[in-house]
Amino acid sequence: MQVVFLGVGEACDGRLGNTSMLVRTNSSCILLDCGFSVAHAVFSELYSANDLDAVWISHFHGDHFFSLPLLLLRLWESGRDAALTILGPPGVEDIVRQSVRLAYPSFWDKFTYQIDFRELLPGQEVRLADCSWKTAWTQHSRPNLGLRLDGPGASLYYSGDGRPGDGTWDLARACSLIVHEGFQVDQAVHGHGTVREAVDLAVRSGARQLAVVHMQRDERQARGAEARALLQAMPGGSGLLPRPGDRLSLGC
């Protein structure tokens, strides 16, 4: 399993782009979140229009799904003919369809490839794109699902936005990598997690590695060195503050 960080910033970060990543296994490619700035970053990483198998939307804030209409349009324009699955919380189909109608009226019926939708809820397990998918609610201002992917030889937990929820600990347990929001270093903000909380989750759950994303832009500039020190102080120096374009290979 390989993780490519397309963006690592929060909604208003003008330098780092919205948090999103591609997850690749030997036979599949999955996009995790698709905010304002993400679609163009995806284009440069895809091998072909049929390369992408699935898209995950953690919640319905613009910096996590608003460039999905552009992505779908580009895949059609590039000749995609393979089905694409879009997964997310309840309501994902209606919201995605509405966003496409607003961005490109009448284009939905022109798509030459099938788009399938899957709503996920905690307690469900789905097998798709070479991975097992499980979710749990986080504590955010809008319903947000944290996601665990178990693929061949590796596992990933992605928080989306929010502080850890009741089911988060089970999803994070013994993961190869946790990718978690850390909006501030240590000061709680309503609906957002901190770097210290992410470190605590990773250490207590026995995760092998932690990547902190979605850090508030001014906080990252003022306290980025402090955040890196906290992450590097984790057992084995297993924490990092990634940048767009960084790649991690996960294995047994």
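Read on for a plain summary of the structure. The residue numbers shown here count from 1 along each chain, following its written sequence. It should be noted that, the model being predicted, local features are given only for residues of pLDDT at least 70 and side-chain atom pairs only at 80 or more, the latter also being counted only at that level, while totals for whole chains, interfaces and linings use all residues. Where side-chain values are given, they derive from all heavy atoms of the structure, hydrogens and water being excluded.

### A word on helix α4 (residues 92-103)
So, step 1. Secondary structure elements are taken from DSSP: a helix is a run of H or I of four residues or more, a strand is a run of E of two residues or more, and numbering for both begins at the N terminus. Expected helix span is computed as 1.5 Å times (number of residues minus one). With 12 residues, α4 ought to run about 16 Å at 1.5 Å a step, and its terminal C-alpha atoms sit 16 Å apart, in line with that.
So, step 2. For the exposure calls, accessible area comes from a 1.4 Å probe over protein chains only, and a residue counts as buried if that area is under 20% of its type's maximum, exposed if over 50%, partly exposed in between. Burial in α4 covers these residues: V92, V96, S99 and V100. Viewed along the axis of α4, the buried residues span an arc of 100 degrees, placing them on a single side of the element. Opposite the buried face of α4, by more than 90 degrees, sit the exposed residues D94 and L102.
So, step 3. Along its buried surface, α4 packs onto α2 (62-65), α3 (68-77), β5 (84-88) and β6 (115-119). Starting at the helix axis, one direction is taken to each C-beta atom, and the arc is that of these directions. Here, residues are in contact when the closest pair of their heavy atoms is within 4.5 Å.

### Observations regarding the sheet that holds strand β3 (residues 29-32)
So, step 1. Here, any two strands with at least 2 DSSP bridges between them count as paired. Pairing is mixed in the open sheet, where seven strands are placed in the order β6-β5-β4-β3-β2-β1-β14. The open sheet has two edge strands, β6 and β14 (247-249), and neither has a second partner. Adjacent strand axes in the sheet meet at a mean angle of 20 degrees, parallel and antiparallel pairs treated alike.
So, step 2. Pairing geometry for β5 and β6, over five bridges, is parallel. In the sheet register, L84 faces β6, and the bridge partner there is I115.
So, step 3. To define axes, lines are fitted to C-alpha atoms, for helices over the stretch in contact only, and angles between the resulting N-to-C directions are given on a 0 to 180 degree scale. Lying over the sheet, α3 contacts β3, β4 (54-56), β5 and β6, oriented at roughly 170 degrees with respect to β5.
So, step 4. Across the sheet, α4 is in contact with β5 and β6; its angle to β6 comes to roughly 140 degrees.

### With respect to the nonpolar core
So, step 1. What is meant by a nonpolar core is a set of buried Ala, Val, Leu, Ile, Met, Phe, Trp, Tyr and Cys residues, joined one to another through side-chain atoms within 4.5 Å. Among the nonpolar cores identified, the biggest contains 30 residues, and L31, L71, L72 and I86 are the most heavily contacted of them.
So, step 2. Contact partners of L71, with chain neighbours within four places excluded, come to L31, C34, A39, V42, F43, L52 and V55.
So, step 3. If you look at the next biggest cluster of nonpolar residues, it comprises 29 residues, including L120, L149, A154 and L156.

### Considering the side chain of Q216
So, step 1. Position of Q216 relative to the elements: it lies in the loop between β12 (210-213) and α7 (217-232).
So, step 2. Throughout this description, a polar contact denotes any pair of N or O atoms lying within 3.5 Å of each other; where both atoms belong to protein, one of them has to be capable of donating a hydrogen while the other can accept it, and for residues adjacent in sequence the pair is counted only when both atoms sit in side chains. Within the structure, Q216 has its side chain in polar contact with the backbone nitrogen of D218 (distance 2.8 Å).
So, step 3. In contact with Q216, other than residues within four places in its own chain, are E10, F183 and Q184.

### Overview of the pairing of strand β8 (residues 131-137)
So, step 1. With five of its seven residues buried, β8 lies for the most part within the structure.
So, step 2. Strand direction decides the pairing type here: strand β7 (residues 125-128) and β8, joined by four bridges, are antiparallel. By the bridge assignment for β8, E125 is matched with K134.
So, step 3. Linking β7 back to β8 in an antiparallel pair, the connection comprises two residues, with A129 at a positive phi of about 50 degrees.

### Remarks on the packing of α3 against α4
So, step 1. Running from amino to carboxyl end, α3 crosses α4 at an angle of 75 degrees, the nearest separation of the two axes being 9 Å. Here α4 runs roughly perpendicular to α3, going by the angle between their axes. On the side of α3, the interface is formed by L68, P69 and L72, while α4 contributes V96, S99, V100 and A103.
So, step 2. Its residues placed into classes, the contact of α3 with α4 shows six nonpolar, one polar and no charged. By the definition adopted for this analysis, an angle is roughly parallel if under 35 degrees, roughly antiparallel if over 145, roughly perpendicular if from 65 to 115, and oblique otherwise. Residue classes follow a fixed rule: Ala, Val, Leu, Ile, Met, Phe, Trp, Tyr, Cys and Pro count as nonpolar, while Asp, Glu, Lys and Arg count as charged, and any other residue, Gly among them, counts as polar.

### A look at the pairing of strand β10 (residues 154-158)
So, step 1. Burial runs high along β10: five of the five residues are buried.
So, step 2. Along β10, one buried face is formed by A154, L156 and Y158 and the opposite face, lined by S155 and Y157, is buried too.
So, step 3. Where strand β9 (residues 145-151) and β10 come together, five bridges link them in antiparallel fashion. Considered in β10, the bridge of G151 is made with A154.
So, step 4. The antiparallel hairpin formed by β9 and β10 contains two residues in its connecting segment, where G153 sits at a positive phi of about 80 degrees.
So, step 5. In the sheet, β10 pairs with strand β11 (residues 177-181) via three bridges, with the strands oriented parallel. Residue pairing across strands places L156 opposite L177, the latter belonging to β11.

### Re the sheet that holds β12
Backbone hydrogen bonds hold the strands of a sheet together, and the pairing may be parallel or antiparallel.
So, step 1. Strand order in the open sheet made by the seven strands is β7-β8-β9-β10-β11-β12-β13, with mixed pairing throughout. Here the strands that pair on one side only, and so sit at the sheet edges, are β7 and β13 (239-240).
So, step 2. Judged from the two bridges that link them, β12 and β13 form a sheet pairing that is parallel. Bridging from a neighbouring strand, L210 pairs with G239 of β13.

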